[in-house]
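Structural overview for review
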Amino acid sequence: MKKRKYFEIIHEDKDILVVYKERNLLTIRSEDPKTFSRNLYHYVHDYLVSRHERPFIVHRLDFETSGILVFAKSFEVKERLQKCFEERSVVRLYEAVVREDVPIGKTITVQMNVQQNKNTFRVYKKKDGKEAITLFRAENRIQIGTALKVEILTGRKNQIRLALHEKGLTLVGDTRYAFDKDKRMYLNAYYLRFPEESGLRKREFLAKPLWIAEELPIERLLEK
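Structure report, in brief. From a predicted model like this one, the values you see are computed outputs, not experimental measurements. (Residues numbered from 1 in each chain as written. Predicted model: local features only at pLDDT ≥ 70, side-chain atom pairs only at ≥ 80, totals over all residues. Heavy atoms only, no water.)

Turning next to the overall build of the protein chain. For the protein chain, the helix and strand inventory stands at three helices and twelve strands. Taken over C-alpha atoms, the radius of gyration comes to 17 Å for the protein chain, in line with the 17 Å a tight globule of 224 residues would show. Based on the C-alpha atoms only, the size of the protein chain along its principal axes is roughly 50 × 40 × 40 Å. Residue burial in the protein chain is summarised as follows: out of 224 residues, 50% are buried. Partitioning the contacts of the protein chain with sequence separation of at least 6, the portion at a separation of at least 24 is 62%. When the accessible area of the protein chain is evaluated, it comes to approximately 11,900 Å², of which 47% is carbon and sulfur surface. For the protein chain, the distance from the average site of its 45 positive side-chain charges to the average site of its 33 negative ones is 3 Å. (Helix = DSSP H or I, 4+ residues; strand = E, 2+ residues; numbered from the N terminus. Rg over C-alpha atoms; globule rule 2.2 N^0.38 Å. Buried < 20%, exposed > 50% of the residue type's maximum accessible area, 1.4 Å probe, protein only. Contact = heavy atoms within 4.5 Å. Areas by Shrake-Rupley, 256 points an atom, 1.4 Å probe, with all protein chains shown as cover. Lys, Arg positive; Asp, Glu negative; His and termini not counted. Charge placed at Lys NZ, Arg CZ, Asp CG, Glu CD.)

We now examine unusual backbone geometry. Leu216 connects to Pro217 through a cis peptide bond whose omega is -5°. One can find Pro217 in the segment after strand S12 (204-206). Look at Phe179: it is not a glycine, yet its phi comes out positive at around 55°. Within the secondary structure, Phe179 sits in the loop between helix H3 (159-166) and strand S11 (187-193).

On to the nonpolar core. Formed by 39 residues in total, the largest nonpolar core has its most connected members in Phe7, Leu40, Tyr94, Phe136, Val150, Ile160 and Leu164. Ile16, Ile68, Val70 and Val77 belong to the second largest nonpolar core, which has 18 residues in total. (Core = buried A, V, L, I, M, F, W, Y, C linked by side-chain atoms within 4.5 Å.)

With that settled, the discussion passes to the side chain of Glu151. As for its placement among the helices and strands, Glu151 is situated in strand S10 (residues 145-152). Among the polar contacts listed, one links the side chain of Glu151 to the side chain of Arg220, at a separation of 2.6 Å. A polar atom in the side chain of Glu151 sits 2.9 Å from the backbone nitrogen of Leu221. Not counting the four nearest positions on each side in its chain, Glu151 is found in contact with Val91, Arg92, Leu93, Ile133, Thr134, Leu135, Arg220, Leu221 and Leu222. (Polar contact = N/O pair within 3.5 Å; in protein donor to acceptor, adjacent residues only side chain to side chain.)

Attention now goes to the pairing of strand S6 (residues 91-98). For S6, a buried count of eight out of eight residues is recorded, marking the element as mostly surrounded by other parts of the structure. The alternating pattern of S6 places Val91, Leu93, Glu95 and Val97 and Arg92, Tyr94, Ala96 and Val98 on opposite faces, both of which are buried. With six bridges connecting them, S6 and S11 associate as antiparallel partners. Directly across from Leu93, in S11, lies its bridge partner Tyr191. With six bridges connecting them, S6 and S10 associate as antiparallel partners. When the bridges of S10 are listed, Ala96 appears paired with Leu148. (Pairing = 2+ DSSP bridges.)

So, on to H3. Residue pairs three or four apart in sequence face the same way in an α-helix, which turns once every 3.6 residues. Summarising burial for H3: six of the eight residues are buried, a large majority. Phi turns positive one or two residues past the end of H3, at Gly168, with a value near 75°.

We now examine the environment of Arg203. Note on placement: Arg203 falls in the loop between S11 and S12. When its relative accessible area of 30% is taken as the criterion, Arg203 is described as partly exposed. Considering only alpha carbons, one finds Arg203 and Leu192, eleven residues apart in sequence, at a separation of 8.0 Å. Excluding its chain neighbours within four sequence positions, the residues that come into contact with Arg203 are Leu192, Arg193, Phe194, Pro195, Glu196 and Ser198. A distance of 2.7 Å separates a polar atom in the side chain of Arg203 from the backbone oxygen of Phe194.

Going through the model one piece at a time under the given rule, you end up with three aromatic pairs. Note on Tyr6 and Tyr43: the rings are 4.6 Å apart at their centroids and 25° apart in plane angle, and the pair reads as stacked. Note that Tyr6 is positioned in the loop between strand S1 (2-4) and strand S2 (7-12) and Tyr43 in helix H1 (residues 40-49), a separation of 37 residues in sequence. Residue classification places Tyr43 among the buried residues on the basis of a relative accessible area of 12%. Ring centres of Tyr186 and Trp211 lie 5.0 Å apart, and the angle between their planes is 35°; on these two criteria the pair is classed as tilted. One end of the pair, Tyr186, is in the loop between H3 and S11; the other, Trp211, is in the segment after S12, and 25 residues separate them in sequence. Here Tyr186 matches Trp211 in class, with each residue buried. Cation over ring: Arg54 sits above Phe56, and NZ or CZ is 4.2 Å from the ring centre. (Phe/Tyr/Trp six-rings, centres within 6.5 Å; stacked < 30°, edge-to-face > 60°. Lys NZ or Arg CZ within 6 Å of the ring centre and 35° of its normal.)

Spelled out as structure tokens, the structure:
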């Protein structure tokens, strides 16, 4: 991967730019003026504009979450890739670390409806909210807890964090739901795979996991 300021380039071609976002960085700017020039979109935009190209937002990661993000280089490609996300045909794998001692190999599925409060931006359970489906599997232990493999079938804000909280698990470094402090929030998006209908030249992207030992070929939790 080619290292640039606040992100690394995983793949680039005429249609997309795939990057690895550092933790504690917004995907796009917020209403806070301090973020107007410190967000991933701004840095990617500067990189592409120098090459007479521009980025289009396809999806996002939370501020505290590190991992893989895809930017389209045209509105047409953006629309096509977002449709894949809407149809739930994109495979999205994360890794997380929780404080608790979860039996290795244990699989957990969390299905709930969630909604975001427009004033506090906090996501919470709501009966008539949007569906959020999250799958976890305990992979291995590290010094501070249990490393989990995570697959999301929907892409809701704070979905993984809220699902772990719902199951009584403490995501290391999650100050919003788990009220846990550490050097970082231990949540990382390490794998994306788009379907054939995406039309992409390269459809599968992997960043080396930080806490789990992932083997090739990549195995989905949904298929277990």
